[in-house]
Amino acid sequence: KISELLLALLLKFPLLIEYAVNQLPADQLVGLDNQGIYKGLTIYYNNFVDYNDFKLWFAGQSGAANLVYAGAGENKKIDQTAERLKLLDKLALLGDKDFFDYEYEQAKTEAIKIIITLKKYYLSGKMKEIEKLIARSEEGGNKDETDILMEKFKMAADELMAHDS
């Protein structure tokens, strides 16, 4: 939901796209569709005129570029274009509903809060994954790997703490 809120805000206030792009990598958004739309915004933001122009451009990009495979190793292709365009419309409506009375500075403040929340969520998930890898490494008796993972965990924890201050 928070990823969708950020996208809705960016669609409503396209001037914030460059800021968001410089602060938040796409993989820190939750959901492949959200990441796909965010990547589209990052590519298109220099040309962003209005929502309808972006939607037309995105539809053309999505049709060719966003075919995914269903299941593990299946060759069945599913075209995600229609689903992503529905999500895009939903996000535009969400932006109009939730941010209709925002001025640019209010929107930027909200974007900063959302970006920090997404980073914290991403880092927490990363730390949990590293914890699992550390446990496996310790079970296997691989001290060098454990030390490397502990350093990665510490770096993620330090970054997380930096966002709390």
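Keep in mind the model is a prediction, meaning the values are calculated, not measured. Residues take numbers from 1 onward in each chain, read along the sequence in its written order. This being a predicted model, a pLDDT of at least 70 is required before a residue's local features are given, and a value of 80 or more before pairs of side-chain atoms are given or counted; all residues contribute to the totals for chains, interfaces and linings. Processing note: side-chain calculations cover all non-hydrogen atoms of the structure and skip hydrogens and water entirely.

**Q** Summarise the packing of helix H3 (residues 32-44) against helix H5 (residues 81-98); cite the residues concerned and give the values.
**A** The description of two packed helices rests on the angle between their axes and on the distance between the axes. The interhelical angle for the contact between H3 and H5, taken along N-to-C directions, is 75°, at an axis separation of 10 Å. Our classification of the angle between H3 and H5 gives roughly perpendicular. Mapping the contact onto sequence places Leu32, Asp33, Asn34, Gly36 and Ile37 in H3 and Glu83, Arg84, Leu87, Leu88 and Leu91 in H5. Residue polarity follows a fixed list, in which Ala, Val, Leu, Ile, Met, Phe, Trp, Tyr, Cys and Pro are nonpolar, Asp, Glu, Lys and Arg are charged, and the others, Gly among them, are polar. Residue composition of the contact of H3 with H5, by class: five nonpolar, two polar and three charged. Note on definitions: angles span 0 to 180 degrees between N-to-C directions of axes, and those axes are lines fitted to C-alpha atoms, for helices only across the stretch in contact. Here a strand is any run of E in DSSP of at least two residues, a helix any run of H or I of at least four, and the numbering for each starts at the N terminus. Relative orientations are named as follows: roughly parallel for angles under 35 degrees, roughly antiparallel for angles over 145 degrees, roughly perpendicular for angles from 65 to 115 degrees, and oblique for any other angle. Two residues form a contact once any of their heavy atoms are found within 4.5 Å.

**Q** Tell me about the side chain of serine 3, residues and numbers included.
**A** Within the secondary structure layout, serine 3 lies in helix H1 (residues 2-12). We define a polar contact as two N or O atoms separated by no more than 3.5 Å, with the added condition that, inside protein, one atom must be a possible hydrogen donor and the other a possible acceptor, whereas residues neighbouring each other in sequence contribute only through side-chain atom pairs. A polar atom in the side chain of serine 3 sits 2.8 Å from the backbone nitrogen of valine 30. In contact with serine 3, not counting residues within four places along its chain, are Leu29, Val30, Asn34 and Leu118.

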